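# Structural characterization, general
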Amino acid sequence: MSGSRVDALTLDCGDPKLLADFWCAALDYRIHEADEIGVVIRDPAGKGWDLLFQVVPEGKSAKNRLHLDLIPPSTMKEEVARLTSLGATEQSYVEEGGSYWTVMLDPEGNEFCLLRSESERNG
Amino acid sequence: MRARGGASGLLTVSPSTIYCLTVDCADPERLASFWCEALGYERFETELQVEEIEIRDPAGRGGDLLFVPVPEGKAVKNRLHLDLIPPSTIGEEVERLRGLGATSAESFEEAGWRWTVMLDPEGNEFCVCARVDGSLGQP
């Protein structure tokens, strides 16, 4: 039997619209659906996972055990600046095992990592 | 999204793309095996450190899953979780996933969806979902 397929990655949040707008701008996604459960955003190219932002009463209390890793289109530095202007925060820069990445927080403090771009990896 | 630029007028600004969803865990081997079976994913050889395991959809859909060992255990409900559409009915898939090492908790129905909350072998929450009208998955 074939397995289940991933329909969406759901993020608990306080303000679905705030996060949906940030992540739409970060990933060039579009708002697909908004209802009483939350806001779904979708990759117009149909490649990436849908993201669903659902309201929960509790706030974030610990480092998330799941986080997204993103590949920037140009350079890590330029993308850190662009995402910061959209409402993200740069948390730390990490060098490890011959690689490097930037840990960032979205507008509700969810951790995500910005990896090296294709050209930075090959350069 | 677009930004104004140069003599050509509008210039497309490329966005970031999702490479993977990283999962902090105690036992990458165990979780990678579970999620490969759950999703039909395959291990992907990388230059990563050996204790990290990356898996991906052989059909190339969505991002990869990367399991990374961390010293701390899970303390609270995860704020991110995966929603899965079963290949059969929710009930059949919940049984299959239980056989692979997941546990199931409550089932819900709201806003045209039915879903069962499950925990993977390290207690990470995920949902098996379908539209009540059968237009997506089989309730």
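Residues numbered from 1 in each chain as written. Chains lettered and ligands numbered in written order. Predicted model: local features only at pLDDT ≥ 70, side-chain atom pairs only at ≥ 80, totals over all residues.

Right, let's talk about the domain arrangement of chain B for a bit. Residue and element names in this part refer to chain B. Each assigned domain of chain B is listed here: domain 1 (15–73) and domain 2 (75–139). Between domain 1 and domain 2, the C-alpha centre-to-centre distance is 19 Å. At the interface, ten residues of domain 1 touch eight residues of domain 2. Among the elements that take part in the side of domain 1 that touches domain 2, helix α1 (residues 28–39) stands out by supplying five residues, more than any other. Its residues assigned to classes, the side of domain 1 that touches domain 2 comprises six nonpolar, one polar and three charged. (Domains from an automatic or database assignment. Contact = placed C-beta atoms within 7 Å. Helix = DSSP H or I, 4+ residues; strand = E, 2+ residues; numbered from the N terminus. Nonpolar A, V, L, I, M, F, W, Y, C, P; charged D, E, K, R; others polar.)

Attention shifts here to the environment of Ala62 of chain A. Here Ala62 of chain A lies in the loop between β4 (50–55) and β5 (66–71). Using a count of 12 C-beta atoms within 10 Å as the deciding quantity, one classes Ala62 of chain A as exposed. (Buried ≥ 20, exposed ≤ 12 C-beta atoms within 10 Å, placed from the backbone.)

The strand order across the open sheet formed by eight strands is β6(A)-β7(A)-β8(A)-β5(A)-β3(B)-β6(B)-β5(B)-β4(B), and the pairing between neighbours is mixed. For this open sheet the edge positions go to β6 (89–96) of chain A together with β4 (42–44) of chain B, each flanked by a neighbour on one side alone. Taking each pair of neighbouring strands and ignoring which way they run, the sheet shows an average axis angle of 30°. With six bridges joining them, β5 of chain A and strand β3 (residues 17–25) of chain B adopt antiparallel strand pairing. Paired with Leu66 of chain A across the bridge in β3 of chain B is Val23 of chain B. Where helix α2 (residues 76–85) of chain A meets the sheet, its contacts fall on β6, β7 (99–105) and β8 (111–114) of chain A, and the angle it forms with β7 of chain A comes to roughly 0°. (Pairing = 2+ DSSP bridges. Axes fitted to C-alpha atoms, helices over the stretch in contact; angles between N-to-C directions.)

The next subject is α2 of chain A. Along an α-helix, residues three or four apart share an orientation, since each turn contains 3.6 residues. Residues and elements named next belong to chain A. Those residues of α2 lying buried are Met76, Glu79, Arg82 and Leu83. The buried residues of α2 occupy an angular sector of 125° when the element is viewed end-on, so they sit on one face. Facing away from the buried side of α2 by more than 90 degrees, the exposed set consists of Glu78, Ala81, Thr84 and Ser85. Looking at the buried positions of α2, the neighbouring elements they touch are α1 (16–27), β7, β8 and α3 (118–122). (Arc of directions from axis to C-beta.)

Quick look at helix α2 (residues 90–99) of chain B now. Residues and elements named next belong to chain B. By the burial criterion, the buried members of α2 are Ile90, Glu93 and Leu97. Viewed along the axis of α2, the buried residues span an arc of 70°, placing them on a single side of the element. Turned more than 90 degrees from where α2 packs its buried face, Glu95, Arg98 and Gly99 sit exposed. Where α2 is buried, its residues meet α1, β9 (113–119) and β10 (125–131). Downstream of α2 by one or two residues, Gly101 has phi in the positive range, about 120°.

Residues and elements named next belong to chain A. In terms of domain boundaries, chain A breaks down into domain 1 (1–57) and domain 2 (66–123). Taken together, the contact between domain 1 and domain 2 spans eight residues of the former and seven residues of the latter. Going through the elements one at a time, β1 (5–13) and α1 are the ones with two or more residues in the side of domain 1 that touches domain 2. Residue classes in the side of domain 1 that touches domain 2 are distributed as seven nonpolar, one polar and no charged.

Turning our attention to the interface of chain A and chain B. Taken together, the contact between chain A and chain B spans 40 residues of the former and 38 residues of the latter. Broken down by secondary-structure element, the contributors of at least two residues to the side of chain A that touches chain B are β1, α1 and β5 of chain A. With eight residues, the single largest contributor to the side of chain A that touches chain B is β1 of chain A. Its residues assigned to classes, the side of chain A that touches chain B comprises 20 nonpolar, ten polar and ten charged.

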